[in-house]
Structures are given as structure tokens and as C-alpha cells.
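Spelled out from the first residue to the last, the chains are:
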Amino acid sequence: MKLIAIDMDGTLLSSDKKISAENKLALQEAIDAGHQVMICTGRHHDSLLTFLKDENLSFPISASNGAFTQTDEKIIHETSMEYATAARLFEWLQSHRYPFKFYTNRGAFSERDFLQLAKEANQKVPVQEGEHWEWEVFLDHQRKSNLTPISSFNQVEKGNIRIYKFFVYTPEIEKKSALKDWLQELGGTHFTSSMDDNVEIMGVDGHKGTGITQMAQHFGIPLSDTIAIGDNHNDIPMLKTAGTAIAMGNAEPEVKALCDYTTKSNDEGGVAFAIREFVLK
């Protein structure tokens, strides 16, 4: 039995943010062959589970870039950011007018001006073909995320809170660089990007390598028998941890360079091709 860990955006999902019928069929073929499939994504677990339910799918998941791992409605592992670190991060991002949201075990929150600041930041970057469409998709995704807007981190009750991930929208290169420099000084975090226009910040062990490792241990599967499929920088820890690493055809060059194989793009059924070519053959 293999454990197949699959990223969502840019991997399992096509550009229209849907799972193709071909990918669904290949996932079922893998399960019927006795393999275990998991979703490993940067998305918040509540929105991910709602999405899968709407697609009539059910898989073990590792959400918030590996900070939250669950199977059969049972949480098998969590890793979170220190409350004091998260408070400092919130205050710094707010004072420097970054658009951001964050995921917790009590739902997803955003700074009160998140969408307005995101719109302003988006308008400052050069417009390229297709960019307006991507912005509309971004807005639609945020509206569906059940975000609770807050103006102060003090509104997040300290007791028993687990802070899995901060998502910061950074289409401006200079602001993205400044944030990364400050995070290096802050310490106590792991940060990455799932696209060129964002920074995702977790606790030190909050990465997809943790997610696939915990799931493999849960099912008693050696890491040598794990397969990871991804496309972007936040997938790198998972791809490095897995026994077999597969890059999407649309993956970042750095991702392709470290993988064992490259499949087709997310708009060409790359997950289905990878499963049939590198798992089921």
C-alpha cells in the first residue's frame, strides 16, 4: 500500500478551481487498488472539508500546510504558532498595512480591512493578461472562507487557541521582501509561499513534510512508500519527505528540479496521469 499525498491549488484543481472528472476517476482507481489518498493543502481545514463534501469526496487531510492533520473526523496531529509570536505578527502586519488572514482551531479570521487592503495592493502591480480574472477568483475564494474580521488580536481569546497559519497577500515585491526579512528577525516560524503573490506563515513545524509524516505513521506506511504530488514552494517539504516526488507540469522550476518525475499540468489532468503512470503501472 502506498500513501499518495496531493496538493490542491495548482495540482488537483484545474485553473477553474474544480476537480476534473478524470482526476476523480484516477483517485478512485488508486483507492480500489489498495492505496491511501490524502489531501495536503495550505487551505483551512473547515473550508477544505466543505469543498470536498460539495464534490462528494472524502479523504484524510493535512491542512494549513501540515499544521492540522485529520482522518475519519479524528485529529491525529496539530502544530501551532506561539500565541505571543502570533500577536506580534498580527500587530506588525496591521501597522504596515498588509492584507492578511489567519487560521485557527476556532475558525478563520482576517484583519478588518483585509479585502480593501488586498484590492489596493492588487491595483499597485502592473496588469497582465489574465490577472483581472485571477483577482476575481481570489475575491470569490475569500468570500467563501467564512472569515471573521477583527481589529485587534486581543479579540482572539487566548485560552486553548491553536493558530495554524497566517496568509499574507503580497503582490508587491518590495513588501514581500520586507516581510520575509522581518520574519527572519522574529524567529519561531516557518514561512513559505503557495503563489508568487503571498507569504504563508506557520509555527516552526508547520509544513507539509510534517503532514505527510504524521499521516504515514498513522497508517503504518513507511515514508519510502509515500508519493507526493505538488507544484509550488509550500509543497517542497512534502516532496522532499516523500519516497517519490512528482512535480506538476505547471510547477515552479525549483519544484521540478527536486522531483523524481514530472507529470502533465493541472489543466491537463496531471494528477490522473501521475497516478496511472507512476503508481498503478
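Coordinates for the structure precede this section.
A few points on the structure. (Residues numbered from 1 in each chain as written. Predicted model: local features only at pLDDT ≥ 70, side-chain atom pairs only at ≥ 80, totals over all residues. Heavy atoms only, no water.)

### Side note on the pattern of salt bridges
Considering all chains together, one arrives at 14 salt bridges under this definition. Here Glu200 makes a salt bridge to Lys165, at a shortest N to O gap of 3.2 Å. Taken as a pair, Glu200 in strand β11 (residues 198-202) and Lys165 in strand β9 (residues 163-169) lie far apart in primary sequence, 35 residues in all. Residue Glu200 is classed as buried on the basis of its relative accessible area of 2%. Using a relative accessible area of 1% as the deciding quantity, one classes Lys165 as buried. Residue Glu277 pairs with Lys281 through a salt bridge whose shortest N-O separation is 3.0 Å. (Salt bridge = Lys/Arg side-chain N within 4 Å of Asp/Glu carboxyl O. Helix = DSSP H or I, 4+ residues; strand = E, 2+ residues; numbered from the N terminus. Buried < 20%, exposed > 50% of the residue type's maximum accessible area, 1.4 Å probe, protein only.)

### Things to note about the nonpolar core
The biggest cluster of nonpolar side chains holds 48 residues, and the ones touching the most others in it are Ile6, Leu12, Leu27, Ile212, Ile229 and Val271. Not counting chain neighbours up to four residues away, the residues in contact with Val271 comprise Ile6, Thr11, Leu12, Asn23, Leu27, Ile229 and Met248. Trp92, Tyr98, Ile150 and Leu183 belong to the second-largest nonpolar core, a separate cluster that totals 25 residues. (Core = buried A, V, L, I, M, F, W, Y, C linked by side-chain atoms within 4.5 Å. Contact = heavy atoms within 4.5 Å.)

### Details of the environment of His233
Secondary-structure assignment places His233 in the loop between β12 (226-230) and α9 (236-241). Accessibility expressed as a relative area gives 25% for His233, which makes it partly exposed. With residues up to four places along the chain from it excluded, the contact list for His233 reads Thr192, Ser193, Glu252, Glu254 and Val255.

### A short note on helix α8 (residues 208-219)
With twelve residues, α8 ought to run about 16 Å at 1.5 Å a step, and its terminal C-alpha atoms sit 17 Å apart, in line with that. Buried residues of α8: Lys208, Gly209, Thr210, Gly211, Ile212, Thr213, Met215 and Ala216, and no others. Looking at the residues trailing α8, positive phi occurs at Gly220, about 70 degrees. (Expected span 1.5 Å × (residues − 1).)

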